[in-house]
Structures are given as C-alpha cells and as structure tokens.
Amino acid sequence: MDKIATAQGTKAILNKYSFIFQKKFGQNFLIDPHVLSKIIHSSAITKDDCVLEIGPGIGSVTEALIEHAGKVISVEIDKHLIPILEEQFKEAPNFKLVHNDILKVDLKKLIEEESPGKRIKVVANLPYYITTPIIMALLENELSIESITVMVQKEVADRLAAGPGSKQYGAITVAVNYYAQPYLVANVPRNCFMPRPNVDSAVLKLTLNKEPVVDVGSTKQLFQIIRAAFSQRRKTLLNTLMANGELNLSKEALKQLLDESGIGASTRGETLSLQDFARLSDYLDKHRV
Ligand code: SAM
C-alpha cells in the first residue's frame, strides 16, 4: 500500500472515507515523502522519544512518527478525522489519539502523564490560522519540551529565524530567541500539499534552551521593552519607549540612560539582539531614580 504522504496514498484515503476538507481548520495535507523524511530526520526522533503531534490530519506525518518514535500522541480538532485515524493506526500500540483543540488541552498534565521525567519532542504540520498562538503556547508555559519541529508558512519561518537588523526581525523573533534556538530546516513549495495552499512553507526547528540564555532581573519589563521597541519600526528607541509610556521616565532621563547604557538613544529596536534588550532592561532597573 502507498504511504499516506504521497498523492496516491492521500487520494486513496480521501476517497475511501469521502473526506471533505475543512478550510476553517487549515487543512493542507502533506503529499511529499522527501519533505516528510526531512521532518523526521531533523527532529532526530528515536525509539526513546515521546512525540506530541499537533493536527495529524489523515496521518501523513503520524505514519512515520509511529515508525520512528517510542510513543506518539496526536491531538486533532476535526471530529471527521478521528475515525479515519483510529482505523488507520488501530494496530499501532505506541499511538494515542486525543480529540481536542490543542489550545484547550492541559499540556502540562498530558506530558507529565505520557512522558514522566523525559522531555518530549513536538512535531507538526501546523494549521496556518493559529501558528503563532500554538508556538507561543508551547514556549511560554514551562512545558517539558526538548524541541519543536514544525511546518509553517515560509514568511513565519523567516520571521522566527531572522537576525537583528533584517526586515523580518521583530518582537516575536526576540521572544522566540528567549526560549529557543531557531533553525530553518528546509523550504517547502506549495505543490507538496493537498489541497495546494496559496503560500509556500518551510520546516522550522526550535531547540528549547535548557537554561535561560539571558539573565534578566524582570522578564516582564524585558518583554515590555521588546514590544515597545518594535511597535513603530522606523522610530528611534527613545521615541518608541517614550510613546509606550510604561517606563515612567522623562524624555531627558530616558535619553541619558539609553546613552549611558551604551545602547544609544537614537538606535532602532530592530538592530538589537535579545542580549542587548536584556542589558538595557537591567540597566534601566539599576540606574533609574
Ligand atoms: N499533519 C497532517 C499533514 O501533514 O498532512 C495535517 C496538517 S494540516 C496543515 C493541519 C491539521 O491540524 C488538520 O488536520 C486540522 O484539522 C488540524 N487542526 C486545526 N486546528 C487545530 C487545533 N486547534 N487543534 C488541533 N488540531 C487542529
């Protein structure tokens, strides 16, 4: 029988179950086995690993995950896909299917129950309409995760893996850098999916930091400064931070602190790294009166 992640394999399952794509769930199924190998290879899954898959669809990626991982937990929102997946993988003892919205699942509990004492790996061809909320939920909630290997829109991958000073670099890039090291694995053209989306995609791997990469007094203030710095890209740091108003400093005092910290009042936020933002946040903490 054809593998699911091929045009023939996918068509056979769609016909067998008379499946109708739900646009609202961002359903674009992977039909390219080479791309699938890249996902599996870059996620470095072994039989020791427990994998959380978000949105298995008809099982294109799931099939390979079941083959390579010790345990696979797939969370799917669409009720029409549940009986298909159940039948497809009924003989796989290492497969568990959860019918739910990933943003409503208690992931901390699920991970503790399914993979006690060992960090899990997340692998997913993400639904595009909620890519960023899913990635941020995985990063921000102190979950026991080792890495996240995901198919996302190319534009999103470029933004998350961008470096300071580039056009794609933004508040979300710096936020992701706080939690993980991003790596762009591969670009994926739109013809690798059924139905074909309107945009190209990319596989992105985020390796979560074991220890924080910056040591900062107040993460709340750090994120406030980052958000403010990118709120108006063309403005200087002094002006964006003043416009934001949350620092409670006069313009003169802030200008002096920015200059003294070595960051510079006329710098633009888009040129600063996470480390620069952390240095600035701590400097403001220590020196403001
Ligand atoms: N993994 C399959 C593949 O690669 O062919 C399907 C990928 S498709 C881009 C996204 C999948 O996520 C769909 O199966 C969709 O129904 C599911 N999905 C959408 N929103 C979801 C949510 N909030 N929680 C869980 N699954 C979701």
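Residues numbered from 1 in each chain as written. Predicted model: local features only at pLDDT ≥ 70, side-chain atom pairs only at ≥ 80, totals over all residues. Heavy atoms only, no water.

### Details of the site of the ligand
Close to the ligand lie 25 residues; L30, G55, E76, N125 and Y129 are nearest. Take I102: an N or O atom from its main chain is 2.9 Å from a nitrogen atom of the ligand. Taking 590 Å² as the accessible area of the ligand by itself, protein coverage stands at 99%. Every element with two or more residues in the shell around the ligand is listed here: β1 (29-30), α3 (60-68) and β3 (71-76). Grouping the constituent residues of the shell around the ligand by class yields 13 nonpolar, eight polar and four charged. (Near = heavy atom within 4 Å. Polar contact = N/O pair within 3.5 Å; in protein donor to acceptor, adjacent residues only side chain to side chain. Areas by Shrake-Rupley, 256 points an atom, 1.4 Å probe, with all protein chains shown as cover. Helix = DSSP H or I, 4+ residues; strand = E, 2+ residues; numbered from the N terminus. Nonpolar A, V, L, I, M, F, W, Y, C, P; charged D, E, K, R; others polar.)

### As for the domain arrangement of the protein chain
For the protein chain, the assigned domains read domain 1 (7-208) and domain 2 (219-287). For domain 1 and domain 2, the distance between their C-alpha centres works out to 36 Å. Between domain 1 and domain 2, the contact holds 12 residues from the first and 13 residues from the second. A buried area of about 900 Å², summed over both sides, lies between domain 1 and domain 2, and 71% of it is on carbon and sulfur atoms. Taken as a group, Y169, V174 and Y178 account for 51% of the area that domain 1 buries against domain 2, more than any other trio of residues on that side. Summed over the shared surface of domain 1 and domain 2, the number is zero salt bridges. Here domain 1 and domain 2 share four residue pairs in polar contact (both at pLDDT 80 or more) between them. Grouping the amino acids of the side of domain 1 that touches domain 2 by side-chain chemistry returns seven nonpolar, four polar and one charged. (Domains from an automatic or database assignment. Contact = heavy atoms within 4.5 Å. Buried area = accessible area lost by both parts, 1.4 Å probe. Salt bridge = Lys/Arg side-chain N within 4 Å of Asp/Glu carboxyl O.)

### A word on the nonpolar core
Ranked by internal contacts, the top residues of the largest apolar core, which has 68 residues, are L138, L139, I145, I148, L241 and F277. Composition of this core by domain shows at least three residues from each of domain 1 (7-208) and domain 2 (219-287). Once you skip the residues sitting within four places of it in the chain, L139 turns out to touch I148, V176, Y179, A180 and L208. Formed by 35 residues, the second largest nonpolar core is a distinct cluster that contains F29, V61, I66 and I84. (Core = buried A, V, L, I, M, F, W, Y, C linked by side-chain atoms within 4.5 Å. Buried < 20%, exposed > 50% of the residue type's maximum accessible area, 1.4 Å probe, protein only.)

### Here's the deal with the pairing of strand β5 (residues 120-125)
With six of six residues buried, β5 is to be regarded as a mostly interior element. Judged by which residues are buried, β5 turns out to be covered on both faces: I120, V122 and A124 on one side and K121, V123 and N125 on the other are all buried. Sheet topology note: the strand β2 (residues 50-54)/β5 ladder contains four bridges and is parallel. Paired with V51 across the bridge in β5 is K121. Considered for its hand, the β-α-β crossover made up of β5, helix α6 (residues 131-140) and strand β6 (residues 145-153) is right-handed. (Pairing = 2+ DSSP bridges. Right-handed = clockwise from strand over helix to strand, strands pointing away.)

### A word on the packing of helix α9 (residues 219-229) against helix α10 (residues 237-244)
Look at α9 against α10: their axes get within 8 Å of each other, and the N-to-C directions meet at 115°. Looking at the two axes, α9 sits roughly perpendicular to α10. Crossing angle aside, the handedness with which α9 passes α10 is right-handed. Where α9 approaches α10, its residues I225, A228 and A229 are matched on the opposing element by L237, T240, L241 and N244. Class assignment of the residues belonging to the contact of α9 with α10 gives a composition of five nonpolar, two polar and no charged. (Axes fitted to C-alpha atoms, helices over the stretch in contact; angles between N-to-C directions. Parallel < 35°, antiparallel > 145°, perpendicular 65-115°, else oblique. Left-handed = near helix turned anticlockwise from the far one by under 90°.)

### Observations concerning the pattern of salt bridges
Any two side chains of opposite charge can pair, so long as their charged atoms come close to each other. In this structure the tally under the stated criterion is 14 salt bridges. D158 is the partner of K154 in a salt bridge, and the nearest nitrogen-oxygen pair spans 2.8 Å. Taken together, the positions of K154 and D158, both in helix α7 (residues 154-160) and four residues apart, correspond to about one turn of that helix. Using a relative accessible area of 23% as the deciding quantity, one classes D158 as partly exposed. For K255, the salt bridge identified is with D259, shortest N-O distance 3.0 Å. Here K255 and its partner D259 are both found in helix α11 (residues 251-260), four residues apart, which amounts to about one turn of the helix. The partly exposed category is assigned to K255, whose relative accessible area is 41%. Judged by relative accessible area, which is 39%, D259 ranks as partly exposed. Here the salt bridges share partners, and the residues they tie into one network are D49, K118 and K121.

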